[in-house]
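Fold and geometry: a report
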Amino acid sequence: MEKIIKKIILFFVVSCIHTCYLQANNFYASGPQNIKKISLTFDDGPGENTLKILEILKKKKVKATFFMLGCNIKNNSKIIKKVFDDGHEIANHTYKHINFYNYNKENKITIIENEILSTEKVIKDILNIKTFLVRFPYGYSKQDAIKIAKKYNYHVINWTFGIDWKQMDINKIHDEYKRAIKNGSIFLMHDVSKNNNVLMFLEKFIDEIIESGYKIVTISELLSLKNV
Ligand SMILES: [Zn+2]
């Protein structure tokens, strides 16, 4: 009996530590591995392919997360409104798409802050919401940026798989995405792109995810995150 009680206590201690650790951590590149849920994310918009992607998502009754650039939102306020009105999640992809891996000036911290906050403001001005998910350009995920994100109540979201931007055979790209379908996958795609790869395989890809028994959900649903 004593052994059982000890085991129960140990179980609660371990799960508390696990939960506390998860709550303290604000960086994610995938969702839970034990649930058949997947997220689709679209970066760099709003732009030339956003409306076409919205049509596909509507047809398939799927909600996605759009990581948007402040500099593109300003000239496309109608498009961001449509993304929001269609029930998709709006997230922050900074303002000018600076590659912080190559940014070594002394004002780096200030620039990272400005990049998040200026996009937050543009989105707030148009939609009256505060974004709480950020993806830094090129998946920048060093501690300086993660700490700043936390300071401003953001979760940093990278991805499990994404190659739609590559100049590759479209069938090969599609196959690679298909192979990456698994519990908790976060797929990176782009709604602004030099190529139209994503438009050529997205519809089929969504069918394949659903036919494999997965539910497609927004990032906040996949990761059970709430606005803070
Ligand atoms: Zn980007």
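So, a few notes on the structure that sits alongside this text. (Residues numbered from 1 in each chain as written. Predicted model: local features only at pLDDT ≥ 70, side-chain atom pairs only at ≥ 80, totals over all residues. Heavy atoms only, no water.)

Observations concerning the overall build of the protein chain
On a plain count of helices and strands, the protein chain comes out with nine helices and eight strands. When each of the 228 residues of the protein chain is scored for burial, the buried share is 49%. Restricting the contact set of the protein chain to residue pairs at least 6 apart, pairs at least 24 apart contribute 77%. Entry remark: accessible area of the protein chain is about 12,200 Å², with carbon and sulfur atoms responsible for 56%. (Helix = DSSP H or I, 4+ residues; strand = E, 2+ residues; numbered from the N terminus. Buried < 20%, exposed > 50% of the residue type's maximum accessible area, 1.4 Å probe, protein only. Contact = heavy atoms within 4.5 Å. Areas by Shrake-Rupley, 256 points an atom, 1.4 Å probe, with all protein chains shown as cover.)

A few points about the coordination of the zinc ion
Protein coordination at the zinc ion comes from D44 (OD), H93 (NE2) and H97 (NE2), with a distance range of 2.1 Å. Counting along the primary sequence, the residues that act as donors to the zinc ion give the motif D-x48-H-x3-H. Here the residue D44 occupies a position in the loop between β2 (37-43) and α2 (50-60), and H93 occupies one in the loop between β4 (89-92) and α5 (108-127), the gap between them amounting to 49 residues. Among the residues examined, D44 registers a relative accessible area of 13% and is labelled buried. (Donors = N, O, S within 2.8 Å, 3.2 Å for Na, K, Ca; no water.)

Considerations on the nonpolar core
Grouped together as the largest cluster of nonpolar side chains are 36 residues, with contacts concentrated most on L40, F42, F187 and M189. For this core, the secondary-structure elements that each account for two or more residues are β2, α2, β3 (65-68), α4 (77-85), α5, α7 (170-179), β7 (186-190) and α8 (197-211). Top contributing element to this core by residue count: α8, with six residues. For F42, the contacting residues outside a window of four places in its chain are I53, L57, A64, T65, F66, F67, M189, H190, D191, V198 and L202. (Core = buried A, V, L, I, M, F, W, Y, C linked by side-chain atoms within 4.5 Å.)

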